[in-house]
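# Overview (structure and organization)
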Amino acid sequence: ERRLRASKLAGLHMISCIVIPQLADQDSAMLAMIENLQRENLNFFEEAEGYQNLIKKNGLTQEELARRLSKNQSTIANKLRILRLPKSVRERILHHALTERHARALLRLHDEKAQLSMIDKIVRDGLSVKATEILVEKELLRLYGEEEEVTEKDSKTEEESFIETIKSLIARRSELRCSVEESEENDYREIRIRFYSH
């Protein structure tokens, strides 16, 4: 409907379109919800709640939803995980405009009071996601002691393991003349690999 209005404003008389056959009410409602999820400017908690509603109302698995949204199943799983945070923690995260990656780092603290305290530290010190993850690791040791300490391997996120794999592969291929640069923003990490021809 928005594309139709935009086409009219652009003065177009013919447009390409796909005609969808008559759908059952359930399928139609699901398509409408998926369209809204992909179009509206939702915060990451609202997006996760939308995914959760789609799964519950339509009896979908995470894999089925991921396929319909053209996303990885791990992306859907990570989105749904942040809904485990208590309401007070979610509200504080949104109030201080922290990122989804900050929220995921807080999931490792299973105590609501500890999560709220960590948010105060993040805001006070302007902590990046990486700095937050390091501080959470220290807080876990303080709260639960040595026996709760996770191994280095277990503490790594899927993202960190992937990045380390890339760096390790490059290091092993000594014939490749290249450099690796890594930078971090509030909501993403960027890895740039430059290959040199001479």
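Whatever comes next refers back to the structure up there.
The following paragraphs examine the structure supplied in this document. None of the values given here were measured: they were computed from a predicted structure.

### A closer look at the layout of surface pockets
Of the voids in this model, the second largest pocket is the one considered here, and its volume is about 540 Å³. Residue lining of the second largest pocket: eleven residues in total, with E1, R2, R3, L4 and E35 positioned closest to the centre. Broken down by secondary-structure element, the contributors of at least two residues to the lining of the second largest pocket are α1 (2-9) and α2 (25-39). It is α1 that provides the largest number of residues to the lining of the second largest pocket, a total of four residues. Taken together, the residues of the lining of the second largest pocket break down into four nonpolar, two polar and five charged.

### Observations regarding the pattern of salt bridges
Under the counting rule described, the total for this entry stands at nine salt bridges. Residues E47 and K79 are paired through a salt bridge, measuring 3.2 Å at the closest nitrogen-oxygen approach. Taken together, the positions of E47 in helix α3 (residues 44-58) and K79 in helix α5 (residues 73-81) put the pair 32 residues apart, joining distant regions of the chain. Taken individually, E47 and K79 each receive the classification buried, so the pair is uniform in this respect. Here E137 makes a salt bridge to R108, at a shortest N to O gap of 2.7 Å. With E137 in helix α9 (residues 129-144) and R108 in the loop between α7 (100-106) and α8 (112-125), this pair connects stretches of sequence that are 29 residues apart. Note on R108: relative accessible area 28%, which makes it partly exposed. Taken together, the shared-partner salt bridges in this structure form one network comprising E47, K79, E100 and R104.

### Here we look at the environment of L60
On the secondary structure map, L60 appears in the loop between α3 and α4 (62-69). Residues within four places of L60 in sequence aside, it is in contact with M30, L54, I55, L65 and R68.

### Description of the packing of aromatic side chains
A full pass over the atoms with the stated rule returns one aromatic pair. Where F44 meets F45, the ring centres are 4.8 Å apart and the plane angle is 50°; that geometry is what we call tilted. F44 sits in the buried class, given a relative accessible area of 13%. For F45, a relative accessible area of 3% gives the class buried.

### Quick look at the side chain of E47
Owing to a relative accessible area of 16%, E47 belongs among the buried residues under this scheme. At 3.2 Å, the side chain of E47 and the side chain of K79 are in polar contact. Setting aside residues no more than four positions away along its own chain, E47 makes contact with L37, L42 and K79.

### Structural notes on the packing of α8 against α9
It is the contact of α8 with α9, at a shortest axis distance of 11 Å, that shows an interaxial angle of 140°. Classified by the interaxial angle, the pair formed by α8 and α9 is oblique. The handedness of the crossing between α8 and α9 is right-handed. Facing A114, M118, K121 and I122 of α8, the residues of α9 in contact are T132, L135, V136, E139 and L143. A class-by-class count of the residues in the contact of α8 with α9 yields six nonpolar, one polar and two charged.

### A few points about a nonpolar patch on the surface
A surface patch of nonpolar side chains, about 320 Å² in accessible area, is lined by L176, V180, I193 and F195. Looking at the secondary structure, you find V180 in strand β1 (residues 178-184). Looking at V180, the relative accessible area reads 34%, which means it is partly exposed.

### Thoughts on unusual backbone geometry
Positive phi values are uncommon outside glycine, yet S70 reaches one of about 55°. With respect to the helices and strands, the residue S70 is situated in the loop between α4 and α5. Overall, S70 belongs to the exposed group, its relative accessible area being 70%. In the Ramachandran plot, A97 falls in the positive-phi region, its phi being about 55° despite a non-glycine side chain. By secondary structure assignment, the location of A97 is in the loop between α6 (87-95) and α7. The class of A97 is exposed, set by a relative accessible area of 65%.

Thresholds, definitions, all that
Residues numbered from 1 in each chain as written. Predicted model: local features only at pLDDT ≥ 70, side-chain atom pairs only at ≥ 80, totals over all residues. Heavy atoms only, no water. 1 Å grid on protein atoms, 1.4 Å probe; cavity = no way out; pocket = protein on both sides within 12 Å on 5 of 7 lines; lining within 4 Å. Points joined across faces, edges and corners; volume = space filled by probe spheres on them. Helix = DSSP H or I, 4+ residues; strand = E, 2+ residues; numbered from the N terminus. Nonpolar A, V, L, I, M, F, W, Y, C, P; charged D, E, K, R; others polar. Salt bridge = Lys/Arg side-chain N within 4 Å of Asp/Glu carboxyl O. Buried < 20%, exposed > 50% of the residue type's maximum accessible area, 1.4 Å probe, protein only. Contact = heavy atoms within 4.5 Å. Phe/Tyr/Trp six-rings, centres within 6.5 Å; stacked < 30°, edge-to-face > 60°. Polar contact = N/O pair within 3.5 Å; in protein donor to acceptor, adjacent residues only side chain to side chain. Axes fitted to C-alpha atoms, helices over the stretch in contact; angles between N-to-C directions. Parallel < 35°, antiparallel > 145°, perpendicular 65-115°, else oblique. Left-handed = near helix turned anticlockwise from the far one by under 90°. Patch = residues over 30% accessible without salt bridge, like charges linked within 9 Å, V, L, I, M, F, W, Y side chains within 5 Å. Areas by Shrake-Rupley, 256 points an atom, 1.4 Å probe, with all protein chains shown as cover.

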